[in-house]
Amino acid sequence: MAAKDFIVAIELGSSKVTGIAGRKNLDGSISVLAVVKEESSSFIRKGVVYNIDKTALCISSIIKKLTNQLKTEITQVYVGVGGQSIRSVRNVIAKELPLATKVTQEMVIDLMDANSAMKYSDQEILDVAQQEYKVDSQYQTDPVGIQCSHIEGNFLNILQRNTFYKNLNKCFETINVNVAEMYISPIALADSVLTEAEKRSGCALVDLGADTTTVSVYSKNILRHLAVIPLGSNNITKDIASLQMEEADAEKMKLKYASAYTENADIDNNLQLPIDSDRNVDLRKFIEIVESRLEEIIANVWYQVPAEYSDKLLGGIILTGGGSNLKNIDKAFTNHTHIDKIRIAKFVTHTVTSSNADINAKNGMMNTILGLLIKGDRNCAGGEVDPNNLFAQRQEDNIAATLGRTDMPRKQGVVPTEAEKRQQEEELRRKEEEARRKKEEEERQEHERQEEEARRLAQERKENSPLNKGLKWFKKMSKILTEEE
């Protein structure tokens, strides 16, 4: 039986592209209807698209497989934006005001617009996380209505390289797949695994992926820093493979023997681990290889935590992603960061039911794609499948779905697609043209009014001139004399 109501999300990871379809139930839980994965290491590196054609082909295959399972056309999809080029940059916009000026909503919007107009070389502003506003010497989350003479807007701009942003958009445009919304993956992940208490009291979310590690720092319910480190669990695998073995065998050894931290007293100097039927490696050497790389990853993670928050992480460090399954990973983080409160987020905070083994494993590897699915709020289901044309989709449906976004308020973490940006730019040009025409019409009417006023004044001056008054008197006297005669 064809599904009639569901949400579809796609995550483009360094090791695999994942597509998922799920239905949101009335009680807030999610029922996963289908999950599809395809290998992506040949065309996606460090979480960013390098080969548009191969990525588009993979996405097309993912959607086709989901369509076959759901027996329903997919009209739009939610997409995660992440990868190595994602980073955050702080920006401050200040404005001097007359003494005791009351801050208005328009003033705040002007600060936001000035920040959004910032240009970064080869970078695209994906989203803006508003921080506090400095009103004179006080910090406020909502400054409207407060009197001051100086106001500063503090913003955290989330950037991505233009090339990677355009490549991602091009993939979906190539196969004519409508994007319902693009979400910044680390924000969608954070919203799905962090508690309100952790965000409020201060925490660092560390997503240990295959090729990248993402660090998100929160305090007072505000995103304070976001960075993607080009190191992941695959680097450990490659280091093990330096013992002259295939990476597939190195991955097996990592999963079977690797530990993020081992007490020195627990290391048996005589124990050897089998590489294959003919070769072995000393346990101590294997441990050194694993721990050395992991120490580098943790050091880079801790470097990304801003100094003003490093001693205020009352919510601790939350680990997730495939790398969080490494044995004693929490101990390794505590030893380096001296943060005792370490939590491993194996699953999202929402209730999710599924028959899929990868989801039910609850090992943190599906948290991001589930976070994207949770963010979805628009039906992605079309009509029942036409076996002869799986991708049939009316163009007007695409246009209507795209137009629907422009009238909706932007949510935290939502990235406008290139098509939406073009539409917004066209709308802006149209409004500017209307404003220009209106101004020209007003100027023309004002010019005509001034000319009319000038003619009226000239007529008044003419009528009130001594010569004109003399002529009037002469005519009047002539009339009186004539009447008397």
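Note that the structure is a prediction, hence the values are computed from the model and not measured. Counting starts from 1 at the beginning of each chain's written sequence and moves along it residue by residue. Restriction of local features to residues with pLDDT of at least 70 applies here, the model being predicted, together with a cutoff of 80 or more for giving and counting side-chain atom pairs; totals for whole chains, interfaces and linings are based on all residues. The basis for the side-chain values is all heavy atoms of the structure; hydrogens and waters are excluded.

Turning next to the pattern of salt bridges. Opposite charge on two side chains makes pairing possible when the charged atoms of those side chains draw close. Salt bridge, as used here: a side-chain nitrogen of Lys or Arg that lies within 4 Å of a carboxyl oxygen of Asp or Glu. According to the stated counting rule, one finds 24 salt bridges in the structure shown. Glu308 serves as the salt-bridge partner of Arg90, at 2.5 Å between the closest nitrogen and oxygen. Pair noted here: Arg90 is in strand β8 (residues 87–102) and Glu308 is in helix α9 (residues 307–310), with a separation of 218 residues, a long-range link. Two residues, Asp276 and Arg279, come together in a salt bridge whose shortest N-O distance is 3.1 Å. Look at the salt bridges and you will find they share partners, linking Glu433, Arg436, Arg437 and Glu440 into a network. Only DSSP runs of H or I covering at least 4 residues are called helices, and only runs of E covering at least 2 are called strands; the numbering of each starts at the N terminus.

Most of strand β18 (residues 316–320) is tucked away, with five of its five residues classed as buried. Paired strands, as defined in this entry, are two strands with at least two bridges between them according to DSSP. With five bridges joining them, strand β13 (residues 203–208) and β18 adopt parallel strand pairing. In the strand pairing of β18, Ala204 is matched with Ile317. Across three bridges, β18 lies against strand β19 (residues 342–344) in parallel orientation. Looking across to β19, one finds that Ile317 is bridged to Ile342. With respect to chirality, the unit in which β18 leads through helix α10 (residues 329–337) into the neighbouring parallel β19 is right-handed. Using a 1.4 Å probe on the protein chains alone, a residue whose accessible area is under 20% of its type maximum counts as buried, one over 50% counts as exposed, and one in between counts as partly exposed. With strands facing away from the observer, any crossover in which the path from the first strand over the helix to the second runs clockwise is taken as right-handed.

Another point: α10. Buried within α10 we find Ile329, Ala332, Phe333, Thr334 and Thr337. By the convention used here, residues are in contact when the closest approach between their heavy atoms is within 4.5 Å. Those residues of α10 that are buried lie in contact with β13, α8 (283–303), β18 and β19. A positive backbone phi angle near 65 degrees is found at His338, which sits one or two residues after α10.

Here we take up the packing of aromatic side chains. Centre distance within 6.5 Å is the pairing criterion for rings of Phe, Tyr and Trp, where only the six-membered ring of Trp is used; planes under 30 degrees apart are then read as stacked, over 60 as edge-to-face, and the remainder as tilted. Tallied over the full model, the rule gives three aromatic pairs. Taken together, a centroid distance of 6.4 Å and an interplanar angle of 85 degrees make the contact between Tyr257 and Phe286 edge-to-face. A residue pair is termed long-range when its members are at least 10 positions apart, and Tyr257 in helix α7 (residues 247–257) and Phe286 in helix α8 qualify at 29 residues. Relative accessible area serves as the criterion here: at 1%, Phe286 is assigned to the buried category. Look at NZ for Lys and CZ for Arg. If either is within 6 Å of the ring centre and within 35 degrees of the ring normal, a charge sits over the ring. Seen from the ring of Tyr50, Arg45 lies directly overhead, with NZ or CZ sitting 4.0 Å from the centre. Stacked on the ring of Phe347, the Lys or Arg Lys362 has its end atom at 4.9 Å from the ring centre.

For the rest of this paragraph, the subject is the side chain of Thr212. By the secondary structure assignment, Thr212 is in the loop between β13 and β14 (213–219). The exposure class assigned to Thr212 is buried, which follows from its relative accessible area of 12%. Not counting the four nearest positions on each side in its chain, Thr212 is found in contact with Lys46, Gln84, Asp207, Val228, Ile229, Pro230, Leu231 and Gly232.

The next thing to look at is the sheet that holds strand β1 (residues 7–12). With respect to topology, seven strands assemble into an open sheet ordered β20-β3-β2-β1-β7-β12-β22, the strand pairing being mixed. The open sheet has two edge strands with one neighbour each: β20 (352–353) and β22 (414–415). In this structure, strand β3 (residues 30–39) lies alongside β20, joined through two bridges in parallel fashion. The residue of β20 that forms the bridge with Ser31 is Thr353. Here helix α1 (residues 52–70) sits on the sheet and contacts β1, β2 (16–24), β3 and β7 (77–81); the angle it forms with β3, its principal contact strand, is near 145 degrees. Axes here refer to lines fitted to C-alpha atoms; in helices the fit is confined to the stretch in contact. Angles between the N-to-C directions go from 0 to 180 degrees. Its contacts with the sheet place helix α3 (residues 162–174) against β1, β7, β12 (179–184) and β22, and it is angled at close to 160 degrees to β7.

Between helix α6 (residues 233–241) and α7, whose axes approach to 8 Å, the crossing angle comes to 110 degrees. Between α6 and α7, the interaxial angle falls into the category roughly perpendicular. As for how α6 packs across α7, the hand of that crossing is right-handed. Contacts between α6 and α7 pair Ser233, Ile236, Thr237, Lys238, Ile240 and Ala241 from the former with Glu247, Ala250, Glu251, Met253 and Lys254 from the latter. Residue classes follow a fixed rule: Ala, Val, Leu, Ile, Met, Phe, Trp, Tyr, Cys and Pro count as nonpolar, while Asp, Glu, Lys and Arg count as charged, and any other residue, Gly among them, counts as polar. A breakdown of the residues in the contact of α6 with α7 according to their chemical character gives five nonpolar, two polar and four charged. For classification, angles of less than 35 degrees are called roughly parallel, those exceeding 145 degrees roughly antiparallel, those between 65 and 115 degrees roughly perpendicular, and all remaining angles oblique. What makes a crossing left-handed is the near helix being turned counterclockwise from the far one by less than a right angle; a clockwise turn instead makes it right-handed.

For the rest of this paragraph, the subject is the packing of α3 against helix α14 (residues 418–463). Where α3 contacts α14, the two axes come as close as 9 Å, and the packing angle between them is 100 degrees. Considered as vectors, α3 and α14 are oriented roughly perpendicular to each other. Between α3 and α14, the contacting residues are Tyr165, Lys166, Asn169 and Glu173 on the first element and Glu418, Ala419, Lys421 and Arg422 on the second.

In this section: the nonpolar core. Phe6, Leu12, Ile20, Val77, Phe172, Ile359 and Leu370 are the most contacted members of the largest nonpolar core, which has 73 residues in total. Considering every element that reaches this core, the biggest residue donor is α1, with seven residues. Nonpolar cores were defined as sets of buried Ala, Val, Leu, Ile, Met, Phe, Trp, Tyr and Cys residues, with membership established by side-chain atoms within 4.5 Å. If you look at the next biggest cluster of nonpolar residues, it comprises 40 residues, including Ile317, Leu319, Ile329 and Ala332.

Moving on to the confidence of the model for the protein chain. Scored from 0 to 100, pLDDT records how confident the predictor is in each individual residue. The predicted model of the protein chain averages 89 in pLDDT, with 94% of residues at 70 or higher. Contacts from residues 390–408, a stretch scored under 50 in pLDDT, to residues over four places away or in other chains number 34 contacts.

This part covers the environment of Ala250. Mapped onto the fold, Ala250 is located in helix α7. Overall, the relative accessible area of 0% leaves Ala250 in the buried class. Note: C-alpha distance between Ala250 and Ser478 (228 residues apart in sequence) is 124 Å.

Taking 1.5 Å per residue as the helical rise, α8 with its 21 residues ought to reach 30 Å, and the 30 Å between its terminal C-alpha atoms agrees with that figure. Leu283, Phe286, Ile287, Ile289, Val290, Glu291, Arg293, Leu294, Ile297, Ile298 and Val301 are the residues of α8 that are buried. Between the first and last residue of a helix there are one fewer steps than residues, each counted as 1.5 Å, and that sum is the expected span.

At Lys71, a position not held by glycine, the phi torsion is positive, near 60 degrees. A residue is classified by how much of its surface remains accessible, and Lys71, at 44% relative accessible area, is partly exposed. Although it is not a glycine, Lys362 sits at a positive phi angle of roughly 50 degrees. As for its placement among the helices and strands, Lys362 is situated in the loop between α11 (357–360) and α12 (367–375). Taking the relative accessible area as the measure of exposure, Lys362 reaches 43% and is therefore partly exposed.

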